[in-house]
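Spelled out, the chains give:
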Amino acid sequence: MFRDITVEQLLELQEKRGIQLIDVRSEGEFEEFTIPGSRNIPVFDNGERKEVGTIYKQVSVQAAKEKGLEIFSAKLPSFIKQFEEIPGQKAVFCWRGGMRSKTAATVTSLMGIQMYRLSGGIRSYRKWTHEKLETFEFKPVCVVIAGPTGSGKTELLQKLKEAGYPVLDLETMAQHRGSIFGQIGLRPSNQKTFESRLVHELMEVNEQPFVLVEAESKRVGKVVMPDFLFDAKEAGIPLFLDIPMERRVANILADYQPSLHKEECIDAYQLIKKRIHSPIAAAIEQYLKEDRFGEAVAMMLEHYYDPRYAHAAQNYEQEIVTLQAADTDEAFRLVTAQLKERFPGYRPKIQSSNAV
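Residues numbered from 1 in each chain as written. Predicted model: local features only at pLDDT ≥ 70, side-chain atom pairs only at ≥ 80, totals over all residues. Heavy atoms only, no water.

1. Quick look at the nonpolar core
Counting 41 residues, the largest nonpolar core has Ile35, Tyr125, Phe138 and Leu168 as the members making the most contacts within it. Here Tyr125 is in contact with Val7, Phe33, Ile35, Pro36, Leu118, Ser196 and His200, once residues within four sequence places are set aside. Counting residues in each nonpolar core, the second largest holds 24 residues, with Tyr269, Ile272, Tyr287 and Val297 among its members. (Core = buried A, V, L, I, M, F, W, Y, C linked by side-chain atoms within 4.5 Å. Buried < 20%, exposed > 50% of the residue type's maximum accessible area, 1.4 Å probe, protein only. Contact = heavy atoms within 4.5 Å.)

Here is the structure:
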């Protein structure tokens, strides 16, 4: 038979033995929020869940159970096969640790598959996440990668992480680039998904002497970072990237690919258009419509983003260190030199071939 385990036991198994987590809720529930690293093998898909739920509300609990059994029985062979194709130990969960996860754990156990089940379901994991963030004691010094829009800050953080340095990539967790145009080409995370990603990243870096983060406002897209992390960032060591305008424009065009998302870019631009002097605002919009994206980006940087960023940069508590770099590779060398100077004796965990 299967064994019920707590959130703490589940995460310990995931870390030490690489146990595979399987979310047996519908694909819609899975897409909204799940435990990081989970796979989705639904007991009921979106339509089936809705059908069973309607019967539950309009007819009776027993009728809903019978319909659920009818639906699941027909898909049982393929359901079992999906579990059998996953190597190693496995743990299932649903919303509250109720009928769906119990059914999945029972039938797979009967077929000889060793199975765990998360007690309390993903709701217990959400409670654990909330409590963890409420009481988290953040230890590292924040080294804040700052710089105006298009400086390649996210690319630099990814490069540093690949080289083994401790990084909290908040924009990747939020699936948003932190600007009016930030969600173009992405699917922004909701608060629950962001927090579930964040809490694991925090636990991973918390014993490090420092952690690299990007200069962000408290809100990143649709999500809000915890107070303790925002405060630590504000009190951190700011490293300001001074990147040539031409490189910044090229970075933005590569990240946002406006030729593939033209209408989204034009729509997003309407949200800031009124804050730009009228003749310039009209010229930018015309450039966007004519596919002259480089010219539009350069004008937005000069007349909107750079003045706003210069104002925001005055809020740092510590003196800003400016790093003049031609591109991300040079910025990487300058940042790692700063880290070596400020944290003598520190060595990154791994050395990637991407390190420069």
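Still more ground to cover, so stick around.
2. Overview of the pattern of salt bridges
For the coordinates displayed, the defined rule picks out 21 salt bridges. Residue Glu51 is joined to Lys67 by a salt bridge in which the shortest nitrogen-to-oxygen separation is 3.5 Å. Here Glu51, found in helix H3 (residues 46-58), pairs with Lys67, found in helix H4 (residues 61-84); they are 16 residues apart in sequence, far enough to count as distant. Look at Glu51 and you get partly exposed, because its relative accessible area is 35%. (Salt bridge = Lys/Arg side-chain N within 4 Å of Asp/Glu carboxyl O. Helix = DSSP H or I, 4+ residues; strand = E, 2+ residues; numbered from the N terminus.)

3. Quick look at helix H13 (residues 278-289)
For an α-helix, the turn length of 3.6 residues means that residues three or four places apart are oriented alike. Across its 12 residues, H13 extends 17 Å between first and last C-alpha, which sits within 8% of the 16 Å expected from 1.5 Å per residue. Within H13 the residues assigned to the buried category are Ile280, Ala281, Ile284, Glu285, Tyr287 and Leu288. All buried residues of H13 fall inside an arc of 160° around its axis, so they share one side. Those residues of H13 that are exposed and angled more than 90 degrees off the buried face are Ser278 and Pro279. Following H13 by one or two positions, Asp291 adopts a phi angle in the positive range, close to 65°. (Expected span 1.5 Å × (residues − 1). Arc of directions from axis to C-beta.)

4. Quick look at the side chain of Glu29
Note on placement: Glu29 falls in helix H2 (residues 27-32). Within the structure, the side chain of Glu29 is placed 3.3 Å from the side chain of Arg49, a separation counted as a polar contact. A polar atom in the side chain of Glu29 sits 2.8 Å from the side chain of Arg100. Dropping the residues within four chain positions of it, Glu29 is found in contact with Arg49 and Arg100. (Polar contact = N/O pair within 3.5 Å; in protein donor to acceptor, adjacent residues only side chain to side chain.)

5. Here we look at the sheet that holds strand E4 (residues 90-93)
With respect to topology, five strands assemble into an open sheet ordered E1-E5-E4-E2-E3, the strand pairing being parallel. Edge strands, defined here as strands with exactly one partner in the open sheet, are strand E1 (3-5) and strand E3 (39-40). One ladder, built from two bridges, connects strand E2 (residues 20-23) with E3; its direction is parallel. Directly across from Ile22, in E3, lies its bridge partner Arg39. (Pairing = 2+ DSSP bridges.)

6. Some details on the sheet that holds strand E6 (residues 141-146)
In space, the five strands of this open sheet follow the order E7-E8-E6-E11-E12, with parallel pairing throughout. Across the chains shown, the open sheet's two edge strands, defined by having one partner strand only, are strand E7 (167-168) and strand E12 (321-324).

7. Section: unusual backbone geometry
One non-glycine residue with positive phi stands out, namely Gln175, at about 50°. Relative to the assigned elements, Gln175 resides in the loop between helix H8 (170-174) and helix H9 (191-205). For Gln175, a relative accessible area of 26% gives the class partly exposed. Phi at Asp291 is positive, roughly 65°, even though this residue is not glycine. Take Asp291: it is sitting in the loop between H13 and helix H14 (293-312).

8. Focus on the pairing of E2
Here E2 shows no split at all, with Gln20 and Ile22 on one side and Leu21 and Asp23 on the other all buried. Note: E2 against E4, four bridges, orientation parallel. By the bridge assignment for E4, Leu21 is matched with Ala91. For the segment spanning E2, H2 and E3, crossover handedness is right-handed. (Right-handed = clockwise from strand over helix to strand, strands pointing away.)

9. What to know about H3
Taking 1.5 Å per residue, 13 residues should reach 18 Å; H3 reaches 18 Å between its end C-alpha atoms and fits that length. Taken residue by residue, H3 has Glu48, Val52 and Ile55 as its buried positions. Looking straight down H3, one finds its buried side chains confined to an arc of 60°; they lie on one side. Away from its buried face, by an angle of more than 90 degrees, H3 presents the exposed residues Lys50, Lys57 and Gln58. Each element contacted by the buried residues of H3 is listed here: H4. Among the residues of H3, the N-terminal cap falls to Asp45, whose side-chain oxygen and the backbone nitrogen of Gly47 are separated by 3.1 Å.

10. A look at the environment of Arg248
Examined against the element boundaries, Arg248 turns out to sit in helix H11 (residues 245-256). Note on Arg248: relative accessible area 5%, which makes it buried. C-alpha of Arg248 to C-alpha of Gln114: the two residues are 134 residues apart in sequence and 53 Å apart in space. Those residues in contact with Arg248 that lie beyond four places of it in its chain are Pro148, Thr149, Gly150, Ser151, Ile243, Leu301 and Asp306.

11. Quick notes on the packing of aromatic side chains
Taken as a whole, this structure holds 11 aromatic pairs when the rule is applied. Judged by centre distance (6.2 Å) and plane angle (40°), the rings of Phe138 and Phe228 are tilted. Taken together, the positions of Phe138 in the loop between helix H6 (121-134) and E6 and Phe228 in helix H10 (residues 227-234) put the pair 90 residues apart, joining distant regions of the chain. An aromatic cluster of at least three residues, connected via ring pairs, comprises Tyr165, Phe210, Phe343 and Tyr346. A cation over a ring is seen here: Lys159 above Phe332, with NZ or CZ 5.7 Å from the ring centre. The ring centre of Tyr256 lies 4.3 Å from the NZ or CZ of Arg177, which sits over that ring. (Phe/Tyr/Trp six-rings, centres within 6.5 Å; stacked < 30°, edge-to-face > 60°. Lys NZ or Arg CZ within 6 Å of the ring centre and 35° of its normal.)

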